[in-house]
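Letter by letter, the chains look like this.
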Amino acid sequence: MDNRSKKFIFIPFCLMAQAYQAQGIVKYEWKSSIRPFMDLILDHDINIIQMPCAETEFKNSLIREPKGITKYNTKEFNEHCKTLANKVTNQIKNLIESNYEIVAILGIEQSPSCCVNYIYTNKGMEKRMGLFMQELYENTKELNIPIIGINRKYINKSLTELEKLLDS
Ligand code: SF4
């Protein structure tokens, strides 16, 4: 008898390790956004996989200033994101082949690497995916895994969206 949970969720590294965010941008959360998301996911008995943090791995440091997508959109960073996205894709495909279910992939709105729907630029809000998320989406779109962008400025809205998905 094996009672393990067969469900998985892939989350951005900083959703469970807030200190990985760029300097000065953790402003909106009350205390921390770690617990409400983790509580919700754990209450649903879901295995959690932290995806690599493209920005800290590229810089090899936790200390970095926030930068817009135009600064990150370089050949080197895009290749780095592709390599990371390919690793995550292999992990996802292995799990599916082993009869596990991927309930969702989460991103972080406004991140140049991990946003799902929108990002702020110096020309205002742009509707697009982040550089890492775009690679991951291209690799996995035929698998139809729901992708949700967490907006830390509106935590309750994001929690409700995720809860609705996990309950469905
Ligand atoms: S690159 Fe992604 S995981 Fe890393 S801090 Fe930004 S949003 Fe979080």
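Predicted, not measured: the structure shown is a model, and the values here were computed from it. Every chain begins its residue count from 1, and numbering advances along the sequence as written. Since the coordinates come from a predicted model, pLDDT governs what is reported: local features require at least 70, and pairs of side-chain atoms require 80 or more to be given and counted, while whole-chain, interface and lining totals use all residues.

## Structural notes on the overall build of the protein
To be explicit about the condition: Strands here are runs of E lasting at least two residues and helices are runs of H or I lasting at least four, both read from the DSSP assignment and numbered beginning at the N terminus. Only C-alpha atoms enter the radius of gyration; for comparison, a globular chain is expected to reach 2.2 Å times N to the power 0.38, where N is the number of residues. Here a residue counts as buried when 20 or more other C-beta atoms sit within 10 Å of its C-beta, as exposed when there are 12 or fewer, and as partly exposed otherwise, the C-beta atoms being derived from the backbone. Here, residue contact means that the backbone-derived C-beta atoms of the two residues sit within 7 Å.
When helices and strands are counted, the protein shows 7 helices and 6 strands. Listing every helix and strand of the protein by position from the N terminus yields β-α-α-β-α-α-α-β-β-β-α-β-α. Over its C-alpha trace the protein gives a radius of gyration of 16 Å, about what one expects of a compact globule, namely 15 Å for 168 residues. The proportion of buried residues among the 168 residues of the protein is 29%. Intrachain contacts of the protein at a sequence separation of at least 6 include 70% that bridge at least 24 residues.

## Concerning the site of the ligand
Short version of the rule: In this entry, near means the residue's backbone-placed C-beta atom lies within 6 Å of the molecule or strand.
Taken together, 13 residues form the shell around the ligand, and within it Cys14, Cys53, Ser111, Ser113 and Cys114 come nearest. Every element with two or more residues in the shell around the ligand is listed here: α1 (13–16) and α3 (54–59). Among the elements that make up the shell around the ligand, the one with the highest residue count is α3 (3 residues).

## Comments concerning the environment of Lys141
When you line up the elements, Lys141 lands in the loop between α6 (131–140) and β6 (147–150). Lys141 gets classed as exposed once you count the C-beta atoms within 10 Å, which come to 10. Once the C-alpha coordinates of Lys141 and Ala104 are considered, the two residues, 37 residues apart in sequence, prove to be 12 Å apart.

## Remarks on the nonpolar core
We count it as follows: For this entry, the nonpolar core is defined as buried Ala, Val, Leu, Ile, Met, Phe, Trp, Tyr and Cys residues connected by C-beta atoms within 7 Å.
If you look at the biggest cluster of nonpolar residues, it comprises 30 residues, and the most contacted ones within it are Phe10, Leu106, Cys115, Phe132 and Met133. Going through the elements one at a time, β1 (7–12), α1, α2 (34–43), α5 (75–97), β3 (101–108) and α6 are the ones with two or more residues in this core. Setting aside residues no more than four positions away along its own chain, Phe132 makes contact with Ala54, Cys81, Leu84, Ala85, Ser113 and Cys114.

## Considering unusual backbone geometry
Look at Asp45: it is not a glycine, yet its phi comes out positive at around 60°. Relative to the helices and strands, Asp45 resides in the loop between α2 and β2 (47–51). Here Asp45 falls in the exposed class, since 12 other C-beta atoms lie within 10 Å of it. The residue Gln110 is not glycine, and still its phi comes out positive at about 80°. Here Gln110 shows up in the loop between β3 and β4 (118–121). Overall, the presence of 21 C-beta atoms within 10 Å leaves Gln110 in the buried class.

## Quick notes on the sheet that holds β2
The pairing of strands in a sheet happens through backbone hydrogen bonds and is either parallel or antiparallel. Note the cut-off: A pair of strands is labelled paired if DSSP reports no fewer than 2 bridges between them. Lines fitted to C-alpha atoms define the axes here, with helix axes fitted over just the stretch in contact, and angles between the N-to-C directions of these axes take values from 0 to 180 degrees.
Across the sheet, which stays open at both edges, the 4 strands sit in the order β2-β1-β3-β6 with parallel pairing between neighbours. Bordering the open sheet on either side are β2 and β6, each of which pairs with just one other strand. Averaged over all pairs of adjacent strands, the angle between strand axes in this sheet comes to 25°, irrespective of strand direction. Inspection of the sheet shows β1 paired to β3 by 4 bridges, in the parallel sense. Following the sheet pairing, Phe10 is matched in β3 by Ile105. Taken strand by strand, helix α7 (residues 155–167) contacts β3 and β6, and its axis lies near 160° from that of β6.

## Looking at the packing of α5 against α6
As a reminder, the rule being used: Under this scheme an angle from 65 to 115 degrees is roughly perpendicular, one under 35 degrees roughly parallel, and one over 145 degrees roughly antiparallel; angles in between are oblique. Should the near helix be turned counterclockwise from the far one by less than a right angle, the crossing is left-handed, whereas a clockwise turn marks it as right-handed.
One can describe the packing of α5 onto α6 by two numbers: an axis separation of 8 Å at closest approach and a directional angle of 40°. The angle between α5 and α6 falls in the class oblique. You can see that α5 and α6 cross each other, and the crossing is right-handed. Taken together, the residues of α6 that come into contact with α5 (itself represented by Phe77, Asn78, Cys81, Lys82, Leu84, Ala85, Asn86, Val88, Thr89 and Ile92) are Leu131, Phe132, Glu135, Leu136, Asn139 and Thr140.

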